[in-house]
Every structure is written in structure tokens, then in C-alpha cells.
Amino acid sequence: MNTATKLGAYVAALAVVFGGAAGIGTAAGPVGKADDGGHGSHGSHGETATGTAAASAVPGGLQVSQDGYTLHPRTTDVRPGVPTDFRFTIDGPDGKPVTRFTPLHGKRLHLIVARRDLSGFQHLHPTEVGGGVWEVAVVLPKAGAYRFFTDVQPEGAKQSLTLGVDVTAPGDYRTVPLPKQEQVAKVDGYEVRLAGALTPGKASKLTLSVSRDGRPVADLEPYLEAYGHLVALRQGDLAYLHVHPDGEPGDGRTKPGPDVTFYAEVPSSGVYRLYLDFQHGGKVRTAEFTVPAGPSTAVPEQGEGTGGHGEHTH
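Analysis parameters
- Residues numbered from 1 in each chain as written.
- Predicted model: local features only at pLDDT ≥ 70, side-chain atom pairs only at ≥ 80, totals over all residues.
- Heavy atoms only, no water.
- Buried < 20%, exposed > 50% of the residue type's maximum accessible area, 1.4 Å probe, protein only.
- Helix = DSSP H or I, 4+ residues; strand = E, 2+ residues; numbered from the N terminus.
- Pairing = 2+ DSSP bridges.
- Salt bridge = Lys/Arg side-chain N within 4 Å of Asp/Glu carboxyl O.
- Core = buried A, V, L, I, M, F, W, Y, C linked by side-chain atoms within 4.5 Å.
- Contact = heavy atoms within 4.5 Å.

Participant: Please give an account of the pairing of strand β9 (residues 161–169) that cites residues and values.
Facilitator: For β9, a buried count of seven out of nine residues is recorded, marking the element as mostly surrounded by other parts of the structure. Two strands pair when backbone bridges link them, and strand β8 (residues 144–152) and β9 are joined in this way by nine bridges, in the antiparallel orientation. Residue pairing for β9: D151 is matched across the bridge by T162.

Participant: Please set out the pattern of salt bridges residue by residue, giving values where relevant.
Facilitator: The final tally for this structure, using the stated rule, is 15 salt bridges. A salt bridge links R147 to D166, with the shortest nitrogen-to-oxygen separation between them at 3.1 Å. Taken together, the residues R147 in strand β8 and D166 in strand β9 connect sequence positions 19 residues apart. Relative accessible area serves as the criterion here: at 0%, R147 is assigned to the buried category. By relative accessible area, which is 21% here, D166 ends up partly exposed. As a salt-bridge pair, K283 and D188 come within 3.6 Å of each other at their nearest N and O atoms. Highlighted residues: K283 in strand β18 (residues 283–293) and D188 in the loop between β10 (184–187) and β11 (190–195), separated in sequence by 95 residues. Here K283 falls in the partly exposed class, since its relative accessible area comes to 39%.

Participant: Can you tell me about the nonpolar core, naming the residues and giving the values?
Facilitator: V192, L198, L274, F278 and F289 are the most contacted members of the largest nonpolar core, which has 28 residues in total. Of all the secondary-structure elements, those providing two or more residues to this core are β10, β11, β12 (204–212), β14 (229–234), β15 (240–243), β16 (259–264), β17 (270–280) and β18. Those residues within four positions of V192 in sequence are excluded, and the remaining contacts are Q183, V184, A185, L208, S209, V210, L276, F278, A287 and F289. Counting 26 residues, the second-largest nonpolar core is a separate cluster that includes F88, V98, F101 and V138.

Set out below in C-alpha cells:
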């Protein structure tokens, strides 16, 4: 079987639909001007005051177009392991690139990248280079299909949008087994402990506690106007949820660690991969967890534990 055939089979095998959400054919279809019929994005930066995303029929990141806005990649050749200046636009209802945006947590646009086996997580912040064209240096470490998500709110749009599109790094690929469920993730000498569970359709309290060398880290640094950021991706279709913690720096009640508390609402039962961004010592690190949602959901017994280090562009 040649590489193209294997990659096609790989993507097809991941085309799992959870809870009536749109499937891969919708999520990764041709770029166009399709509208979602007025459904809001589930789990983008537009959370409620408690940090819980507003409910909607279609979870965030499964659509390349929403409310007339479309994520349009301008770079189509991304080789694995090769630094590439990835360019894209957010095209408006008139088909032209949008140039005016409402900032979301200190940035006009957030770009999240993950391979479809949930490895290779990156949280990047592109720069607009003119005419509504965004650019960021990206390295896709291994061959495979990657999902690119943009969290963005065009000026005048009623809400923030999470748009997603697949980008393929060609070559012979090997899937990475999903790491097993563990309560502690280790990254760069830090330990992050997760307390709490995900309950589908309800706001779930999750507390992540950061320590180093056995001592609590009580001086976390603000990163993008918060002490932590949490992204959740659902195994299979990569439905996307991005929430921010309860409280913020300078509000008079939120301490800079060691605990960072979130209220997250996942749309369905399933297995989710959680990615926590936190900053300490001037560097952003990412702790990763595999978490089931729903009483009958079991995490496959495979992999070599949780933990990991995502990449960031400031």
C-alpha cells in the first residue's frame, strides 16, 4: 500500500461521529462559503462568566466555515520536520480576507495545531503580514494529517469563532497511541496534578495544581491575561473546547498558583485529551492529560503515560 493510500485509510479510520456532531467530511471538506445555519461555536474564547462555553449543536473546530467566515490556507506544501512559513486568511461573507478583529485574551488570533492522533500539540500566535494574510513559522514533526484551529472574532461578528481545517504532511507515518489516563503530568521538571472529572453536558470543575521539585509553585506568571489556558480535543473527530480559568490576575481574589481552576463543559461522552498551558520563569509549558467523559467511557490501555511539551509563539 503506498503512502497516499495509507494516509487516506488513516484519516477515514478516524472519521468517528460523537453525539450527532458533524463528521470529518464536513469538518475537513473543501474550503467554501458554507454557513452553519446560525449555530454558535462550542468552546471557543466566547465562554460565559464562569468559563463554561455556551452550548450549541455543533462543537467548535469541526467546520471550516461558520456564519459566513472561512478559514482559507494559503500554504499547501508542509513537509514533516521542515520549518515552514504557514500562511492563511480568514475570509468574510464577501469572500475577501478580514483585516479587522476583536482581540481575544491579548491576541487578535490564536492558532492551535494537533495531529489527528492527538499528538504534536502546538499553541501559536501568527502575525498579520498585510491584506488580511496571517503567517507563522510551523514545524509539523511527523508525517500525517494535522488539524489547524483558529480562535478568532472578526470585528462586527456576534461571537468568537473556532474554525478548523486539515493540513497534511506527506510521507510514511506512524500513529502515536493515545497515552493512558494518569492524574499527574510531568513536563520540564514540573508536575501538574489534575483533580476532577468531565461530565458530558454539564459544567465540570477541574483543578490543576503545579509543583516543582516537590514544592507548590505559588508564583505562576500571567500568560495571555490568565494563569493558565486549557484546550480539550475529543478523540476521533477532534471536537474543540478552549476554556480559561475561574478568575484572572489582578482581580483581588485569584492567587498565582499552585491551583488553577477551570469549569469546562464537554459536548458528549468520549475520550478527551487536555492540554494545559502555564507560564513560569518566563517560559510557557504544556502539560497533557487523557481524560474520559461519561460513566461508560474507558481509556484504551496503551501508551506511555501522560505529559508533554507543546510549542508556543509569543
